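Each chain, letter by letter, is given below.
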Amino acid sequence: MSVLPETMKAVVAHGPEDYRVEEVAVPKAGPGEVIIKVEACGICGSDLKAYHGSAMYWGGEDPWMKAPVIPGHEFYGIVAELGVGAAEKHGVQVGDRVTTDQINPCGKCKFCKTGKYWMCDVHNIYGFQKDIAEGAWAEYMKFSETATIYKITDGVTPEEAALVEPMACAVHTIQRATIEFEDVVVLAGAGTLGLCMLQLIKLKTPKKLIVLDGNENRLAVAKKLGADLVINPLKEDAIKIVKDLTDGYGCDVYIEATGHPSGVTQGLEMVRRLGRFIEFSVFGSEVTTDWSVIGDRKELDIRGSHLGPYTYPIAIDLFERGLLTAEGIVTHSYKVEDFAEAMDMAHNPGAIKVLLKP
């Protein structure tokens with residue numbers, strides 16, 4: 001018999017800019033399922049876009065955001081309840097500190113069956129689909145029987161544990177970039193994901209790492225975390241500076257993590273011929289550009305990056321070994337009932353990662 005409470009506080013998304021703190025039922029563990037007591041869950045840039053009604057989440061006949069739903073996909077917690085067979089299936093016990101992939105894969109589609117679960121055709125993402133994949137802006141959360149659950153080791157601090165999901169996404173992005181020793185790398189965007197990527201790029205030891213952002217506070221953190229050069233494109237001609245540093249050619253690798261359309265057009269102009277353009281961001285509005293630059297003018301490699309497949313153990317291990325840090329990235333924490341204040345702070349230029357801590 002479960003010893004969990006019957007109800008809990010949670011943020012429930014009913015529609016664009018209609019998010020409410022409510023008392024809802026605590027989820028129960030079915031066969032193979034796991035209930036965690038949420039320790040922390042971040043507010044992601046994609047959460048902000050969803051909150052403000054981006055068409056990517058709310059548009060069309062089959063919107064990605066299926067409300068009413070509890071948002072929140074950057075989570076970790078403590079195992080609180082195990083369904084029948086869950087302990088054996090997942091190798092966890094009550095009291096373990098754990099997380100799982102952002103995606104709740106179906107396990108049946110072509111992509112799941114060939115090991116590419118992060119591209120699951122059904123594509124249920126925790127925090128976006130009612131009942132099937134409820135998120136972690138709540139006191140408790142349910143992991144499905146198809147989840148891959150990762151234990152978070154003792155050497156990982158609570159702040160670092162709260163960054164495992166974005167760091168796992170950052171690991172996948174940097175893997176996609178295939179950075180070489182002689183590369184000049186430009187990272188556009190020094191938000192949470194950008195600052196995670198920065199640390200991973202430094203571990204690849206490229207020739208030079210340049211970080212772009214319009215927020216001076218974030219550039220200061222980027223410099224502290226190891227950027228060789230930081231540029232505010234709102235104040236300086238970033239394209240000219242990068243080309244001057246590379247004999248007029250442009251950077252070898254450009255990683256787009258701004259979430260703003262200008263980050264794309266800037267990068268296509270800044271990257272050299274035969275360069276690599278890595279697209280990570282989720283955009284709140286349509287991006288348009290002259291596609292001839294990709295083919296006829298520069299013959300670029302354009303690589304997308306989605307979620308963090310097979311990278312959670314890497315992120316946890318790198319935190320455990322002290323090669324990554326959350327210092328300077330996690331800036332604010334709030335209780336679930338103070339969600340409105342947390343969202344206000346998430347929009348504040350002085351904040352980077354804002355957490356909800358039930």
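The sections below set out a description of the structure shown in this document. None of these values were measured; they are calculated from a predicted model.

Notes on the overall build of the chain
The helix and strand tally for the chain stands at twelve helices and 17 strands. Taken over C-alpha atoms, the radius of gyration comes to 20 Å for the chain, in line with the 21 Å a tight globule of 358 residues would show. By the burial criterion, 55% of the 358 residues in the chain qualify as buried. In the chain, once contacts between residues fewer than 6 apart in sequence are set aside, the share between residues at least 24 apart is 68%. A total of about 15,600 Å² of accessible surface is found on the chain, and carbon and sulfur atoms cover 52% of it. Positive and negative charge centroids in the chain, built from 36 and 50 side chains respectively, lie 4 Å apart.

Digging into the side chain of His73
As for its placement among the helices and strands, His73 is situated in the loop between helix H2 (55-58) and strand S4 (74-82). Overall, His73 belongs to the buried group, its relative accessible area being 2%. When sequence neighbours within four positions are dropped, the list of residues in contact with His73 reads Cys41, Cys44, Ser46, Asp47, Gln102, Tyr126, Phe128 and Glu165.

Some remarks on the packing of helix H6 (residues 164-177) against helix H11 (residues 312-320)
Two elements in contact, H6 and H11, have axes whose closest approach is 8 Å; the angle formed by their N-to-C orientations is 110°. Overall, the two elements H6 and H11 adopt an arrangement that is roughly perpendicular. Seen from H6, the contacting residues are Val164, Glu165, Met167, Ala168, Val171 and Gln175; seen from H11, they are Tyr312, Ile314, Ala315, Ile316 and Phe319. When the residues that make up the contact of H6 with H11 are grouped by side-chain class, the tally is nine nonpolar, one polar and one charged.

Details of the sheet that holds strand S11 (residues 208-212)
The strand order across the open sheet built from six strands is S12-S11-S10-S13-S14-S15, with neighbouring strands paired in parallel fashion. Whereas interior strands pair on both sides, the edge strands pair on one side only; in this sheet they are strand S12 (229-231) and strand S15 (301-304). Each strand of the sheet is rotated relative to its neighbour by a mean of 20°, with strand direction disregarded. Pairing analysis gives four bridges linking strand S14 (residues 271-279) to S15, with the strands arranged parallel. Bridge assignment links Arg276 to a residue of S15, and that residue is Asp301. Packed onto the sheet, helix H7 (residues 192-203) meets strand S10 (184-188), S11 and strand S13 (251-256) and runs at close to 165° relative to S10.

A look at H11
Those residues of H11 lying buried are Tyr312, Ala315, Ile316, Leu318 and Phe319. Within H11, the buried residues cover an arc of 165° as seen down the axis, which keeps them to one side. In this structure, the buried side of H11 is in contact with strand S5 (97-100), strand S9 (149-151), helix H5 (158-161), H6 and H7. Phi turns positive, to about 75°, at Gly322, one or two residues after H11.

Regarding the side chain of Glu165
In this structure, Glu165 sits in helix H6. In this structure Glu165 is buried but unpaired, with Lys353 as the nearest side chain of opposite charge at 6.9 Å. Glu165 has contacts with His73, Glu74, Gln102 and Tyr312, leaving out every residue within four places of it along the chain.

Here we look at the packing of aromatic side chains
As enumerated under the stated definition, the model contains 14 aromatic pairs in all. With centroids separated by 6.3 Å and ring planes inclined at 50°, the aromatic side chains of Tyr126 and Phe143 adopt a geometry described as tilted. Here Phe143 lies in strand S8 (residues 140-143) and Tyr126 lies in the loop between strand S7 (124-125) and S8, a separation of 17 residues in the sequence. For the pair formed by Tyr126 and Phe143, the shared burial category is buried. Within the aromatic cluster, the residues linked to one another by ring pairs are Tyr19, Tyr51, Trp137 and Phe339.

Considering the layout of surface pockets
Estimated volume of the second largest pocket: approximately 450 Å³. Broken down by secondary-structure element, the contributors of at least two residues to the lining of the second largest pocket are strand S1 (7-15), strand S2 (18-25) and S8. If you tally residues by element for the lining of the second largest pocket, the top one is S8, at four residues. Across the lining of the second largest pocket, the residue classes break down as 16 nonpolar, five polar and six charged.

Notes on the nonpolar core
Among the nonpolar cores identified, the biggest contains 108 residues, and Tyr19, Trp137, Phe143 and Ile255 are the most heavily contacted of them. Looking at this core, the element that brings in the most residues is H6, giving eight residues. Look past the residues within four positions of Ile255 in its chain and what remains in contact with it is Thr173, Ile174, Ala177, Val185, Val186, Leu187, Ala188, Met197, Ile201 and Ile278. With 20 residues, the next largest nonpolar core counts Cys251, Tyr254, Val293 and Ile294 among its residues.

Section: the pairing of S13
Among the six residues that make up S13, six are buried, leaving the element largely enclosed by the rest of the structure. As defined by bridge partners, S10 adjoins S13 across four bridges and the pair is classed as parallel. Bridge assignment links Val185 to a residue of S13, and that residue is Val253. As defined by bridge partners, S13 adjoins S14 across five bridges and the pair is classed as parallel. For Glu256, the partnering residue across the bridge sits in S14 and is Glu279. Read from S13 through helix H10 (residues 261-270) to S14, the crossover connection turns out right-handed.

What counts, and at which threshold
Residues numbered from 1 in each chain as written. Predicted model: local features only at pLDDT ≥ 70, side-chain atom pairs only at ≥ 80, totals over all residues. Heavy atoms only, no water. Helix = DSSP H or I, 4+ residues; strand = E, 2+ residues; numbered from the N terminus. Rg over C-alpha atoms; globule rule 2.2 N^0.38 Å. Buried < 20%, exposed > 50% of the residue type's maximum accessible area, 1.4 Å probe, protein only. Contact = heavy atoms within 4.5 Å. Areas by Shrake-Rupley, 256 points an atom, 1.4 Å probe, with all protein chains shown as cover. Lys, Arg positive; Asp, Glu negative; His and termini not counted. Charge placed at Lys NZ, Arg CZ, Asp CG, Glu CD. Axes fitted to C-alpha atoms, helices over the stretch in contact; angles between N-to-C directions. Parallel < 35°, antiparallel > 145°, perpendicular 65-115°, else oblique. Nonpolar A, V, L, I, M, F, W, Y, C, P; charged D, E, K, R; others polar. Pairing = 2+ DSSP bridges. Arc of directions from axis to C-beta. Salt bridge = Lys/Arg side-chain N within 4 Å of Asp/Glu carboxyl O. Phe/Tyr/Trp six-rings, centres within 6.5 Å; stacked < 30°, edge-to-face > 60°. 1 Å grid on protein atoms, 1.4 Å probe; cavity = no way out; pocket = protein on both sides within 12 Å on 5 of 7 lines; lining within 4 Å. Points joined across faces, edges and corners; volume = space filled by probe spheres on them. Core = buried A, V, L, I, M, F, W, Y, C linked by side-chain atoms within 4.5 Å. Right-handed = clockwise from strand over helix to strand, strands pointing away.

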